[in-house]
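Chain by chain, the residues run as shown.
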Number of protein chains: 2
Amino acid sequence: MRSGTEPDGADAGTPDRATARPSGRDRPDATDRPAGPEWSGTGPGTGDTTPARPGGPAWNGWEPGAAPALSAPARRVLARLLGATEDTPSVPVSEVRLPASALPADTRRRLVELLGAEHVRTDRAARLAHAGGRSYLDLVRLRAGDASAAPDAVLTPAADQLQAVLATCVDTDTAVVPYGGGTSVVGGVSGAHRGGHAALVALDLSRLDRLVALDETAQTATFGAGMRGPDVERALAHRGYTLGHFPQSYRYSTVGGWVATRSAGQASTGYGRIDELVHAVRCVTPTGELVLGRGPASAAGPDLLGLAVGSEGTLGVLTEATLAVRRIPPHRRYEGWSLPDLRAGLDALRELAQRLGPGLAPDVCRLSDADETRSTFLLSGSLSTRLARGYLAARGRHPGCLAIFGWEGEPDQVAFRHRAATRVLRAHGGLPLGAAAGRSWLHGRFAAPNLRDTLLDHGLLVETLETAADFGALPSLHARIRRSLRDSLGRVMVLSHVSHLYRSGASLYVTVLAARDPADPVGQWTAAKRAVTETILAGGGTLTHHHAVGADHRDFLGAEVGTAGLALLRAVKATMDPTGIMNPAVLLPPAS
Amino acid sequence: MRSGTEPDGADAGTPDRATARPSGRDRPDATDRPAGPEWSGTGPGTGDTTPARPGGPAWNGWEPGAAPALSAPARRVLARLLGATEDTPSVPVSEVRLPASALPADTRRRLVELLGAEHVRTDRAARLAHAGGRSYLDLVRLRAGDASAAPDAVLTPAADQLQAVLATCVDTDTAVVPYGGGTSVVGGVSGAHRGGHAALVALDLSRLDRLVALDETAQTATFGAGMRGPDVERALAHRGYTLGHFPQSYRYSTVGGWVATRSAGQASTGYGRIDELVHAVRCVTPTGELVLGRGPASAAGPDLLGLAVGSEGTLGVLTEATLAVRRIPPHRRYEGWSLPDLRAGLDALRELAQRLGPGLAPDVCRLSDADETRSTFLLSGSLSTRLARGYLAARGRHPGCLAIFGWEGEPDQVAFRHRAATRVLRAHGGLPLGAAAGRSWLHGRFAAPNLRDTLLDHGLLVETLETAADFGALPSLHARIRRSLRDSLGRVMVLSHVSHLYRSGASLYVTVLAARDPADPVGQWTAAKRAVTETILAGGGTLTHHHAVGADHRDFLGAEVGTAGLALLRAVKATMDPTGIMNPAVLLPPAS
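Residues numbered from 1 in each chain as written. Chains lettered and ligands numbered in written order. Predicted model: local features only at pLDDT ≥ 70, side-chain atom pairs only at ≥ 80, totals over all residues. Heavy atoms only, no water.

Trainee: Whenever I open this one, the sheet that holds strand E18 (residues 505-515) of chain A confuses me. Can you help?
Mentor: All names here are of chain A. Spatial strand order, E15-E12-E14-E13-E17-E18-E16: seven strands in an open sheet with antiparallel pairing. Across the chains shown, the open sheet's two edge strands, defined by having one partner strand only, are strand E15 (431-434) and strand E16 (460-470). The sheet shows a mean angle of 20 degrees between the axes of neighbouring strands, taken without regard to direction. Bridging between strand E17 (residues 492-501) and E18 involves nine bridges; their strand directions are antiparallel. Within E18, the position partnered with Ser-499 by the bridge is Ser-507. (Pairing = 2+ DSSP bridges. Helix = DSSP H or I, 4+ residues; strand = E, 2+ residues; numbered from the N terminus. Axes fitted to C-alpha atoms, helices over the stretch in contact; angles between N-to-C directions.)

Here it is, written out as structure tokens:
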């Protein structure tokens, strides 16, 4: 099992690999740690060259060394659509400005007494590796050398030390940011705002990385909160099971993060969102442990489990989650389709969701709009893509809307469900594009953040946003979101897809590209984000479908849950976290 | 649309029908209202002969005039198994002891100012019609003439008057019991305990009885909380839709009651529990209105909708719920099967739940244990039952375990799913009993409470209890529950079935019959219930699967949600209901 003190493994950056990287996403290794004034390492951590989070994302991007080069046609199209941009490489890690740690010596001493010095890190490497999440704004700041979102220290406690750690943090007025994979795209793990507390620590859960139990009769498994996606699937596959939860952040994100943020996962149409998979959690809070969830279903009052799920570290630290798992399906079938346009595609999805319904509808359903379809064709130079374009062009479809459907299960079930979906799709003008398109999507489905790294190097603004709405609202919501982003950003590419089907509606996921404003990139996106969020809420969309609230959406939470809802959330937080140390910058807007 | 002031309709008891009833379940009509000292009517309500709840259950039982006669063989078997009992008819309504209303004149005046005198009833008929729910203990008390659980008054406000009503109740220290169908079997609508408040009113929601909206694109419908089951289905059927929610209390229970108590419904395996169907609610609380639920799915923090669902009237009054509905399925197939024994049947159900899963598994799955199977055969004298018994006996099955499966949907889907289930059932020794058994179950599925009325007349204790557990725990839980009831009650019939399949487990529903202790029927059952509840919790079962907590389970809630969970619930209640007027006797145990 991996632990926070394990030597840097093959996945983590080593100097030679870092040098070989195409776009400056080097890791905060000791080799390039400067001795400048911002260096704040104190105590035994100082000389430690181990990154606190081995195998995590790059300090300033996604997968270390994996950003793809842009093809010449892609660069030409981007320049034509968005205007010329200057290249904007990241600063080297040695130039990153890290404020001195504000952790008082006495607090540090007490934490070291509890955990041992190797689990109380205040060195530059550890703090930089936990300096915020992976949103566009996080990365823009880090790439410009601003690590002011770093915590004052990084703790890596064992599960049975958590209650004592929180007691010490209450005692010493230390804010706590529970930290899983660090992949939040909504400012969920930022240390930038201490919420008025004396200091702020990241509570890295990487030592809670075990498959605690697998109940093959109930088909549930209990995971340590710090277990990452690939480790989850590896441990289950060994016993013949899968969780089937594949968010785009899968490689780095953790069970605890998924539960704390209501992650959806790309196969949620068939497998269910994490909030549908969760049977039980343990959550250590400053006032005691919540142990929630019993049996397959209960009518014993309000759903308290549903309060811990989505709590984003504001109540306490999720330490374990029991989730539904399944036998690895013996058969999978993934394929591409082309629908004439978004409206026809949405009608088809709605019929799949309502006439077939969960269990019979495909397990994966994704429908790109025309712009996302064009971009997919542009960015993929594969033979199968070129063949598909030719096939569609010959039928007068330029380019229509690309869709991906996937079925998993016993062969006869997959065959029956595939036939049923095929009838629906053909009735709505669908043209099958075959299994190559499905394979291509499966192959690339976790890679988009690497492409983002490339685009960030090329002077672009690139960010995603997402919502969900009833079927009736989706077409106009799609149009309004596009208009809002154009109004805010001028020349813009807005690429959208619908996925995550429910009987009543679906999610809508939007990628936006524009030329970055080099003078004020943060202000540029902050204004656009505010406008588009207001548009989404006015158009009947949810504030977020699976990215969570974090810091970025918290000012808008009242629009979704109302004044009385905010009062409820505040009461819940005050009960479990009376001094307000738990992740103070997220979820709840500051009391006005 | 029905309203609280509509003259008594065909469904409600009229004197001649009441006279014709076989077992004393007459309604509290004005015709037999006594002028004795307990009569507490004051004001304009006094002379009103309209029962406040037209078409509701009998004042002391279930469907007025519908209790069946027991066959001679059934009586012989009951006497053989449980011992001889004396007949125990209900007292006539004229002999019921009703305490004087404690509603202060000033409170009454203020409520009448708000609502009009016809909607503030303190007369005997109205109070008796709202004197508690339909648990065994409720009925035993009422049948013995004890109406001490009656409220001091019955209010029938319109939706837009509710906020003002609650404000007045806060002002006047009046406890409020939200009242839907009055069918709680866990003491959920009892007025017996005022929780230290000056008076207690039942807030009858019968005027909130409209289908507010039907969104055919999202396939959701918004219902007034007071709408009863048959009215829901009638309004939807008119448009081609169904809710598919059929709890045993369907004829009388309401949308608001289902949501407030996490009702399951007999087809929950396919249609989902009410908590899975609910998209949004409005809940008027003493401190403001909660408007919760947006879009098909959201990651915007903890699930507040799930706090209102199951809140049992302790936070406020649910006024509207938006629920998922479906097109009426074009094809239904229901049939009976026989499984060799409970263990084989459970293995078959588990395979249906896990290998087929929701959407492919039957929509209705019920498996009776051997004792319930024997009783079903005994109580049904139909030709098809006799044929089924002969068929099974010829195959050496005496009697095995009866199961009912139902499929609803498009014909090809039903055919495919039926084939898949048939393979599973045959592999576990299942023998098909044909469609007649399915029809028989569909025909009788709401009738059990009528049979209870008959058994109550014959000196029996008859009550149900229910739980849910993971598949691994169900066999031993079944055995432990039977043992506990035998230990408590001596000679006893314990009839169980498993239903409501989930991937990880299922519900277990138990009917218990014994000779009633005429000296202390309440004490007899209270002791047995306490023991069996402790057994359930120790055996891994939930405190309740769909009956809710009410007054009867509240002392055990801490065993399910823990000390921290209780603290959360108290904080939530204190936020919405700071003076504690809302349904003070249910859900939360008294603070110790």
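And the narrative resumes.
Trainee: Would you take a moment to explain the environment of Ile-328 of chain B for this structure?
Mentor: Residues and elements named next belong to chain B. In this structure, Ile-328 sits in the loop between strand E11 (326-327) and strand E12 (331-339). Note: C-alpha distance between Ile-328 and Leu-243 (85 residues apart in sequence) is 8.7 Å. Not counting chain neighbours up to four residues away, the residues in contact with Ile-328 comprise Ala-237, Gly-240, Tyr-241 and Thr-242. (Contact = heavy atoms within 4.5 Å.)

Trainee: What exactly am I supposed to notice about the confidence of the model for chain A here?
Mentor: When pLDDT is averaged along chain A, the result is 90; 91% of the residues meet or exceed 70. This prediction of the complex comes with two scores: 0.91 for pTM and 0.91 for ipTM. (pLDDT = per-residue confidence, 0-100.)

Trainee: Mind showing me how you'd approach the relation of the copies chain B and chain A here?
Mentor: What relates the two chain copies is a rotation about an axis together with a slide along it. Mapping chain B onto chain A is achieved by rotating through 180 degrees and translating by 0.0 Å along the same axis, at an RMSD of 0.0 Å. Overall, the copies show the geometry of a two-fold rotation axis. When C-alpha positions in chain B are compared against the rotation axis, the closest is assigned to Gly-359 of chain B, at 2.1 Å. A high fraction, 100%, of the interface residues of chain B reappear at the interface in chain A, so the copies pair face to face through one surface. (Least-squares fit on C-alpha atoms with pLDDT ≥ 70 in both.)

Trainee: Even after reading the chapter, I still don't get the pattern of salt bridges, so can you show me in this structure?
Mentor: Where charged atoms from two side chains of opposite charge come close, those side chains can pair. Summed over the entire model, instances satisfying the criterion amount to 50 salt bridges over all chains. In this structure, Asp-555 of chain A and Arg-530 of chain A form a salt bridge, with 3.8 Å as the shortest nitrogen-oxygen distance. Of this pair, Asp-555 of chain A sits in the loop between helix H19 (521-538) and helix H20 (557-576) while Arg-530 of chain A sits in helix H19; the two residues are 25 residues apart in sequence, bridging distant segments of the chain. Put simply, Asp-87 of chain B and Arg-75 of chain B hold a salt bridge, and the shortest N to O gap is 3.7 Å. (Salt bridge = Lys/Arg side-chain N within 4 Å of Asp/Glu carboxyl O.)

Trainee: Hey, could you run me through helix H14 (residues 383-394) of chain B in this one?
Mentor: Each α-helix turn comprises 3.6 residues. Residues three or four places apart therefore point the same way. Residues and elements named next belong to chain B. The terminal C-alpha atoms of H14 lie 17 Å apart, and with twelve residues this matches the ideal 16 Å at 1.5 Å per residue to within 8%. Every buried residue belonging to H14 is among Thr-385, Ala-388 and Leu-392, and all of these are buried. Angularly, the buried residues of H14 cover 60 degrees about the axis, an arc narrow enough to put them on a single face. Looking at H14, the residues exposed on the side facing more than 90 degrees away from the buried face are Leu-383, Arg-386, Leu-387 and Ala-394. Those residues of H14 that are buried lie in contact with E12, helix H13 (370-379) and strand E15 (431-434). Where H14 terminates, the next one or two residues include Gly-396, which has phi positive at roughly 75 degrees. (Expected span 1.5 Å × (residues − 1). Buried < 20%, exposed > 50% of the residue type's maximum accessible area, 1.4 Å probe, protein only. Arc of directions from axis to C-beta.)

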